Amino acid sequence: HCISSAASDVYKRQLEILALQSSDFFGEVPPTISNLTSLTELYLDDNQLTGSFPLVQNLTMLSVIEIADNHFSGTIPSSLLTMPSLLVLKLRGNNLTGSIKFPNSSTPSRLEYLYLGKNHFEGKIIEPISKLISLKILDLSFLNTSYPIDVSLFSSLKYLVDLDLSGNSISPASLGSNLDIPINLEILLLRGCGIKEFPNIFKILEKLENIDLSDNIIKGEVPEWLWKLPR
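Being a predicted model, the structure only gives us computed values, none of them experimental.

## Re the pattern of salt bridges
Taken as a whole and assessed by the stated rule, the structure comprises five salt bridges. Residue Lys-90 pairs with Glu-66 through a salt bridge whose shortest N-O separation is 3.8 Å. With Lys-90 in strand 7 (residues 88–90) and Glu-66 in strand 5 (residues 64–66), the pair connects residues that are 24 residues apart, well separated along the chain. A salt bridge links Arg-231 to Glu-209; the shortest N-O distance between them is 3.6 Å.

What follows is the structure, given as structure tokens:
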């Protein structure tokens, strides 16, 4: 199906939720989607959609945007990060590129759930994300960046409980126990990051419940202090 034919009869309605996930839709999202000014939730994930990022920046009531597992390309509009109602943004598994720019805006971001994994971002990624201080879940897995990620740059994310950095190169110095990192982390996924030594950073993360260090090249013994982490 072409998504325009499925959506054409609802443009003039006061539609609040548009859920078309896993529906074998292909082609580009029509620009007339910006007419759905009452839309609060948009689900287009797991289709065959192509083209640039959908024109949703003016849909100020959107709280959920899920367009994961498609073939969207190009960059992310910077205004997306400060949409006034947006809480959930799932862009995982697309062909998005470029850097992420945080706009010069007095509107603080309300984003709590951000999924950017399995794209092709480059340039400044982590620093703009570190300004999204309301984040609780952050997926940056398999970004294929050409530089190692400094985990300490997430120290400003005080509410972060779930961080997935799997498939990226991690700066070894940023895994030391004397660095600042969100201490409320419950899930830390570092699968396939080329890590050679057991990360001492776990020592200070007493709320950790789930650790994934599989597919690394760590040698030696598992440190005894690991079993003393309370959760």
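There's plenty left to go through after this.
## Examining the layout of surface pockets
Reported here for the largest pocket is a volume of approximately 190 Å³. Forming the boundary of the largest pocket are Ile-170, Pro-172, Leu-175, Gly-176, Cys-193, Gly-194, Ile-195, Lys-196, Glu-197, Phe-198, Pro-199 and Asn-200. Among the residues forming the lining of the largest pocket, the class breakdown is seven nonpolar, three polar and two charged.

## Considering empty space enclosed by the protein
Across all of its chains, the model carries two cavities of 30 Å³ or more by this definition. Taken as a whole, the second largest cavity spans an internal volume of roughly 40 Å³. Lining the second largest cavity are Ile-76, Leu-81, Leu-89, Ile-100, Leu-114, Leu-116, Ile-129 and Leu-132. Looking at the lining of the second largest cavity residue by residue, the classes come out as eight nonpolar, no polar and no charged.

## As for the side chain of Ser-109
Assignment of secondary structure puts Ser-109 in the loop between strand 8 (95–98) and strand 9 (113–115). In this structure Ser-109 comes out as buried when scored by relative accessible area, which is 8%. A polar side-chain atom of Ser-109 sits 3.0 Å from the main-chain carbonyl oxygen of Leu-81. Beyond its immediate sequence surroundings of up to four residues, Ser-109 is in contact with Leu-81, Leu-132 and Ser-134.

## Description of the side chain of Asn-168
Residue position: Asn-168 is located in the loop between strand 12 (162–164) and strand 13 (187–189). Side-chain polar atoms of Asn-168 contact the backbone oxygen of Leu-165, separated by 3.1 Å. Setting aside residues up to four positions removed in sequence, Asn-168 forms contacts with Leu-140, Ser-141, Phe-142, Leu-143, Asn-144, Thr-145, Ile-149, Gly-192 and Cys-193.

## Observations concerning the packing of aromatic side chains
Two descriptors summarise a pair of aromatic rings, namely the distance from one centre to the other and the angle between the planes of the rings. All told, the structure shown has two aromatic pairs when counted by the stated rule. Their ring planes at 85° and their centres at 5.9 Å tell us that Phe-198 and Phe-202 sit as a pair that is edge-to-face. Residues Phe-198 and Phe-202 agree in their burial class; the two are buried. Within the aromatic cluster, the residues linked to one another by ring pairs are Phe-198, Phe-202 and Trp-225. Across the ring face of Tyr-115, the terminal group of Lys-90 is positioned such that the distance to the ring centre comes to 4.8 Å.

## Thoughts on the sheet that holds strand 7
Across the sheet, nine strands lie side by side as 1-3-5-7-9-11-12-13-14; this open sheet has parallel pairing. Either end of the sheet is taken by a strand with one partner, and the two such strands are strand 1 (17–19) and strand 14 (210–212). Sheet twist, expressed as the average angle between the axes of neighbouring strands with direction ignored, equals 5°. In the sheet, strand 13 pairs with strand 14 via three bridges, with the strands oriented parallel. Its bridge partner lying in strand 14, Leu-188 is registered against Ile-211.

## Topic: the environment of Phe-154
If you trace the backbone, Phe-154 turns up in the loop between strand 11 (137–139) and strand 12. Separated by 85 residues in sequence, Phe-154 and Asp-69 place their C-alpha atoms 26 Å apart. For Phe-154, the residues in contact, after removing those within four places along its chain, are Ile-126, Leu-138, Leu-140, Ile-149, Leu-163, Leu-165 and Pro-182.

Reading the values: the criteria
Residues numbered from 1 in each chain as written. Predicted model: local features only at pLDDT ≥ 70, side-chain atom pairs only at ≥ 80, totals over all residues. Heavy atoms only, no water. Salt bridge = Lys/Arg side-chain N within 4 Å of Asp/Glu carboxyl O. Helix = DSSP H or I, 4+ residues; strand = E, 2+ residues; numbered from the N terminus. 1 Å grid on protein atoms, 1.4 Å probe; cavity = no way out; pocket = protein on both sides within 12 Å on 5 of 7 lines; lining within 4 Å. Points joined across faces, edges and corners; volume = space filled by probe spheres on them. Nonpolar A, V, L, I, M, F, W, Y, C, P; charged D, E, K, R; others polar. Buried < 20%, exposed > 50% of the residue type's maximum accessible area, 1.4 Å probe, protein only. Polar contact = N/O pair within 3.5 Å; in protein donor to acceptor, adjacent residues only side chain to side chain. Contact = heavy atoms within 4.5 Å. Phe/Tyr/Trp six-rings, centres within 6.5 Å; stacked < 30°, edge-to-face > 60°. Lys NZ or Arg CZ within 6 Å of the ring centre and 35° of its normal. Pairing = 2+ DSSP bridges. Axes fitted to C-alpha atoms, helices over the stretch in contact; angles between N-to-C directions.

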